[in-house]
Amino acid sequence: IVLIVNFKTKKQMNKTKCIIAVCSCVLFTFLGNGQIQANDYNKCQTQKSKTMKQFTLPQLPYSADALAPVISKETIDYHYGKHLQTYINNLNKLIAGTEFENADLETIVKKSDGAIFNNAAQTWNHTIYFNTFSPNARQYPEGKLRAAIEKEWGSFDNFKKEFTAAGSAIFGSGWVWLAKTPEGQLVILKESNAGNPLTKGYTPLLGIDVWEHSYYLDYQNRRADHLEALWTIIDWKSNESRF
Ligand code: MN
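Conventions and cut-offs
- Residues numbered from 1 in each chain as written.
- Predicted model: local features only at pLDDT ≥ 70, side-chain atom pairs only at ≥ 80, totals over all residues.
- Heavy atoms only, no water.
- Helix = DSSP H or I, 4+ residues; strand = E, 2+ residues; numbered from the N terminus.
- Contact = heavy atoms within 4.5 Å.
- Polar contact = N/O pair within 3.5 Å; in protein donor to acceptor, adjacent residues only side chain to side chain.
- Axes fitted to C-alpha atoms, helices over the stretch in contact; angles between N-to-C directions.
- Parallel < 35°, antiparallel > 145°, perpendicular 65-115°, else oblique.
- Left-handed = near helix turned anticlockwise from the far one by under 90°.
- Nonpolar A, V, L, I, M, F, W, Y, C, P; charged D, E, K, R; others polar.
- Phe/Tyr/Trp six-rings, centres within 6.5 Å; stacked < 30°, edge-to-face > 60°.
- Buried < 20%, exposed > 50% of the residue type's maximum accessible area, 1.4 Å probe, protein only.
- Lys NZ or Arg CZ within 6 Å of the ring centre and 35° of its normal.
- Donors = N, O, S within 2.8 Å, 3.2 Å for Na, K, Ca; no water.

(A) Summary view of the environment of asparagine 102. Relative to the elements of secondary structure, asparagine 102 occurs in the loop between helix H2 (73–95) and helix H3 (105–111). Along the sequence, asparagine 102 and phenylalanine 55 sit 47 residues apart, while their C-alpha atoms lie 10.0 Å from each other. When sequence neighbours within four positions are dropped, the list of residues in contact with asparagine 102 reads Met52 and Lys53. A distance of 3.4 Å separates a polar side-chain atom of asparagine 102 from the backbone nitrogen of lysine 53.

Put into structure tokens, the structure is as follows:
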């Protein structure tokens with residue numbers, strides 16, 4: 001705003017200069033306060049992100065040595081204690097300051113891609129995986145899931161054969177899943193890397209990790225032997241609850 005004023009006297013001009021000076025003072029004080037308020041807001045935001053939701057290692061429902069000799073304590077120590085912990089640490093670091101900062105894990109898996117997806121999906125997949133096993137496993141499904149498996153594959157034994165073959169055939173790292181489509185049909189999925197049924201809108205029933213880190217200390221290159229041995233510790237009570 002430009003003001004053009006004709007001053008009648010020098011005294012009047014000085015008086016006007018004085019009023020402008022006072023107004024400027026008030027204006028700068030006001031802007032200054034605004035700046036302080038903005039800084040305080042930023043401080044609050046920083047504190048909020050420090051206390052944002054952090055994903056943590058899920059509890060194992062058994063002791064680290066409980067699944068031996070099928071899965072040794074050493075494999076649990078590395079697979080659960082190191083690999084899964086690293087996925088969770090990476091996920092927490094990667095989502096900080098993004099739209100996923102306070103999202104739940106399923107939402108992140110469904111909506112993210114790249115490194116965030118890889119670490120979120122691995123966190124989600126391994127949570128299902130480690131909860132699938134029990135040293136006192138009921139080694140067969142019952143009820144509706146049993147009937148659905150028999151309808152699809154003829155018998156539970158034939159399903160196990162097909163599932164083991166699918167897991168053995170995955171090239172490189174990945175996951176083999178038993179999942180249910182939205183139409184209620186059971187399918188065996190072969191997924192690479194961190195792939196899972198969630199991104200397809202399917203319900204996961206059984207998820208088995210075929211990355212070498214899941215079996216190499218105990219079975220070296222014998223992935224099929226490892227998958228075969230897993231049937232003795234897969235507890236179908238946990239899988240039926242999702243059907
Ligand atoms: Mn793994």
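Back to the text.
(B) Focus on the packing of helix H5 (residues 143–153) against helix H6 (residues 156–169). The contact between H5 and H6 brings their axes to 8 Å, and the two run at 70°. Classified by the interaxial angle, the pair formed by H5 and H6 is roughly perpendicular. As H5 runs across H6, the sense of the crossing is left-handed. Note on element contacts: H6 touches H5 through Phe156, Asn158, Phe159 and Glu162, opposite Arg146, Ile149, Glu150 and Trp153. A breakdown of the residues in the contact of H5 with H6 according to their chemical character gives four nonpolar, one polar and three charged.

(C) Structural view of the packing of aromatic side chains. According to the stated counting rule, one finds 14 aromatic pairs in the structure shown. An angle of 55° between the planes, with centres 5.0 Å apart, marks the rings of tryptophan 153 and phenylalanine 159 as tilted. Of the two residues examined, tryptophan 153 and phenylalanine 159, each falls in the buried class. Centroid distance phenylalanine 156 to phenylalanine 159: 6.2 Å. Interplanar angle 20°. Geometry classified as stacked. Of this pair, phenylalanine 156 and phenylalanine 159 both sit in helix H6, three residues apart, which is roughly one turn of that helix. The same class applies to phenylalanine 156 as to phenylalanine 159, namely buried. Site record: aromatic cluster; members linked through ring pairs are Tyr80, Trp124, Tyr129, Phe130, Phe133, Trp175 and Trp177. The positively charged end of lysine 180 is found above the aromatic ring belonging to phenylalanine 243, 4.8 Å away from the centroid.

(D) Representation of the coordination of the manganese ion. The coordination sphere of the manganese ion, as far as protein atoms go, consists of His79 (NE2), His126 (NE2), Asp209 (OD) and His213 (NE2), spread over 1.9 to 2.1 Å. Summarised as a motif, the one-chain spacing of the donors to the manganese ion is H-x46-H-x82-D-x3-H. Placement of the pair is histidine 79 in helix H2 and aspartate 209 in strand E3 (residues 203–209), with a sequence separation of 130 residues.

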